[in-house]
Amino acid sequence: MNLTGGLLWHWRAWRSDAQWAQTRAEIETWLLAQPIEEEQLILIGASAGWMMSPAWLSRYKSIQTWDIDPLAGPLFKMRHGKALRQHGTALNCFTGDALRMLPTLLKAQPRAAIFFDNVLGQIRFQTHTIHQAENRLQTLTQALRGRHWGSIHDRMSGPVQRTGLTTAAPVAHTWPMLMVNEAQETQKWLARMGAQSPWLDHLTGDVFKEGTELTHMAWPMKPDYWHWLQAGWVRP
Ligand SMILES: C[S@@+](CC[C@H](N)C(=O)[O-])C[C@H]1O[C@@H](n2cnc3c(N)ncnc32)[C@H](O)[C@@H]1O
């Protein structure tokens, strides 16, 4: 069973269009601010691209999307195919475990940029132990050495106080990971989202190495259960 995608995800994403609009806009702003060096993109965990920016995608000449969900490819084409065709961007959608196949994909497309589209934070649901999840994440990031890659993923998630906010508050901001009082800043950030203990750690705290410039966004996945999204790019 796919705990992080599939029909339920598509249904929720379709229904939450308005609720997620602010976060989608913040993701787009962040993506468009990133310099693009490659012409090809491999998008992993693409689903139907519910949170994806068409303006950013159309900057590439060719895109491969990957998802384990067989519905993802057809739906992605339905949502983004026409706009990409108009911009002359070639689109190929594949079904498969791209995390397992990562070394093969990297070898097959040595010049492509890689973007993990809200998938790395779900690895903890696909392994038996925390230790296995951490190892898997470490193996993945090691395989990416020397590549231009980025990721947006769940850093933490949990219940929020009903603050009356029905859309994500504009709380995206950047901080360097090497700040002196990171714990204090984290608490401030969680408080800003109205986080109520306990929050789930998605074990992605070490995906990016120290010094990577990160952007943090709030995503009201459900009105009373929010996700803290962490986004960053790594240049070789
Ligand atoms: C939270 S959803 C991402 C949503 C997507 N980025 C969007 O904007 O709609 C996580 C996605 O990752 C996919 N996924 C999980 N494990 C995967 C894997 N090993 N390889 C490829 N896709 C995977 C799931 O099927 C699901 O569609």
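Reading the values: rules and limits
- Residues numbered from 1 in each chain as written.
- Predicted model: local features only at pLDDT ≥ 70, side-chain atom pairs only at ≥ 80, totals over all residues.
- Heavy atoms only, no water.
- Helix = DSSP H or I, 4+ residues; strand = E, 2+ residues; numbered from the N terminus.
- Contact = heavy atoms within 4.5 Å.
- Areas by Shrake-Rupley, 256 points an atom, 1.4 Å probe, with all protein chains shown as cover.
- Polar contact = N/O pair within 3.5 Å; in protein donor to acceptor, adjacent residues only side chain to side chain.
- Salt bridge = Lys/Arg side-chain N within 4 Å of Asp/Glu carboxyl O.
- Buried < 20%, exposed > 50% of the residue type's maximum accessible area, 1.4 Å probe, protein only.
- Arc of directions from axis to C-beta.
- Phe/Tyr/Trp six-rings, centres within 6.5 Å; stacked < 30°, edge-to-face > 60°.
- Expected span 1.5 Å × (residues − 1).
- Core = buried A, V, L, I, M, F, W, Y, C linked by side-chain atoms within 4.5 Å.
- pLDDT = per-residue confidence, 0-100.
- Patch = residues over 30% accessible without salt bridge, like charges linked within 9 Å, V, L, I, M, F, W, Y side chains within 5 Å.
- Pairing = 2+ DSSP bridges.

### Some words on the overall build of the protein
(1) Moving on: Across its full length, the protein holds 7 helices and 9 strands.
(2) Moving on: Counting only contacts in the protein whose residues sit at least 6 apart along the sequence, the fraction spanning at least 24 positions is 78%.
(3) Moving on: Just so you have it, the protein exposes about 11,900 Å², and 54% of that area is on carbon and sulfur atoms.

### Some thoughts on the side chain of serine 53
(1) Moving on: For serine 53, the position within the fold is in the loop between strand E1 (40-44) and helix H3 (54-57).
(2) Moving on: One polar contact links the side chain of serine 53 to the main-chain amide nitrogen of tryptophan 56, over a distance of 3.0 Å.
(3) Moving on: Setting aside anything within four residues of it in sequence, one finds serine 53 in contact with Glu28 and Leu31.

### So, the pattern of salt bridges
(1) Moving on: According to the stated counting rule, one finds 5 salt bridges in the structure shown.
(2) Moving on: The salt bridge partner of aspartate 97 is arginine 100, with a shortest N-O separation of 3.2 Å.

### Digging into helix H7 (residues 182-192)
(1) Moving on: Glu185, Thr186, Trp189 and Leu190 are the residues of H7 that are buried. Each buried residue of H7 lies within a common arc of 135 degrees when the element is viewed along its axis, so the set occupies one face. What points out from H7, more than 90 degrees from its buried face, is the exposed set Ala183, Gln187 and Ala191.
(2) Moving on: Where H7 terminates, the next one or two residues include glycine 194, which has phi positive at roughly 75 degrees.

### Some details on the packing of aromatic side chains
What characterises a pair of aromatic rings is the spacing of the ring centres plus the angle enclosed by the ring planes.
(1) Moving on: All told, the structure shown has 12 aromatic pairs when counted by the stated rule.
(2) Moving on: Ring geometry for tryptophan 30 and phenylalanine 115: centres 6.1 Å apart, planes at 40 degrees, overall tilted. Pair noted here: tryptophan 30 is in helix H2 (residues 21-32) and phenylalanine 115 is in strand E4 (residues 113-117), with a separation of 85 residues, a long-range link. The same class applies to tryptophan 30 as to phenylalanine 115, namely buried.

### Observations regarding H2
(1) Moving on: Over its 12 residues, H2 runs 16 Å from end to end, which matches the ideal 16 Å to within 8%, given 1.5 Å per residue.
(2) Moving on: By the burial criterion, the buried members of H2 are Thr23, Glu26, Ile27, Trp30 and Leu31. In an axial view of H2, the angular spread of the buried residues amounts to 135 degrees, which keeps them on one side of the axis.
(3) Moving on: The elements touched by buried residues of H2 are H3, E4, strand E5 (149-159), strand E8 (213-222) and strand E9 (225-234).

### Description of the nonpolar core
(1) Moving on: By size, the foremost hydrophobic cluster in this structure holds 30 residues, and its most contacted members are Leu31, Leu41, Leu43, Trp56, Leu57, Phe76 and Phe115.
(2) Moving on: Leaving out residues up to four positions away in the same chain, leucine 57 has contacts with Leu41, Leu43, Met52, Ile63, Phe76, His80, Leu84 and Thr89.

### Concerning the environment of arginine 100
(1) Moving on: Along the polypeptide, arginine 100 turns up in the loop between strand E3 (90-95) and helix H5 (102-108).
(2) Moving on: A sequence separation of 36 residues divides arginine 100 from arginine 136, and the C-alpha atoms of the two residues are 9.5 Å apart.

### What to know about the confidence of the model for the protein
Any segment with low pLDDT has predicted coordinates that should not be analysed in fine detail.
(1) Moving on: With 89% of its residues at a pLDDT of 70 or more, the protein has an overall mean of 90.
(2) Moving on: For the stretch residues 166-172, pLDDT sits under 50, and the model shows 25 contacts to residues farther than four places along the chain or on other chains.

### Examining a nonpolar patch on the surface
(1) Moving on: On the surface, Leu8, Trp11 and Trp14 cluster together into a nonpolar patch covering about 400 Å² of accessible area.
(2) Moving on: Mapped onto the elements, tryptophan 11 comes out in helix H1 (residues 7-15).

### Details of the environment of aspartate 97
(1) Moving on: You can see aspartate 97 is positioned in the loop between E3 and H5.
(2) Moving on: If sequence neighbours within four positions are ignored, aspartate 97 has contacts with Ile68 and Arg136.
(3) Moving on: Side-chain polar atoms of aspartate 97 contact the backbone nitrogen of leucine 99, separated by 3.2 Å.

### Points about unusual backbone geometry
(1) Moving on: Following serine 197, the chain continues into proline 198 via a peptide bond in cis, with omega recorded as 5 degrees.
(2) Moving on: Located in the positive-phi region is serine 47, a residue other than glycine, with phi close to 45 degrees.
(3) Moving on: Mapping serine 47 onto the fold places it in the loop between E1 and H3.
(4) Moving on: Residue classification places serine 47 among the buried positions, given a relative accessible area of 10%.
(5) Moving on: Its identity as a non-glycine residue notwithstanding, leucine 203 has a phi of 65 degrees, on the positive side.

### Here's the deal with the pairing of E9
(1) Moving on: Counted residue by residue, E9 has 9 buried out of 10 residues, so it is predominantly covered.
(2) Moving on: In the sheet, E5 pairs with E9 via 10 bridges, with the strands oriented antiparallel. Looking at the pairing, methionine 156 lines up with tryptophan 228 of E9.
(3) Moving on: Bridge count between E8 and E9: 7 bridges; the pairing is antiparallel. By the bridge assignment for E9, alanine 218 is matched with tryptophan 228.
(4) Moving on: Between E8 and E9, which pair antiparallel and follow one another directly, the connecting turn spans 2 residues.

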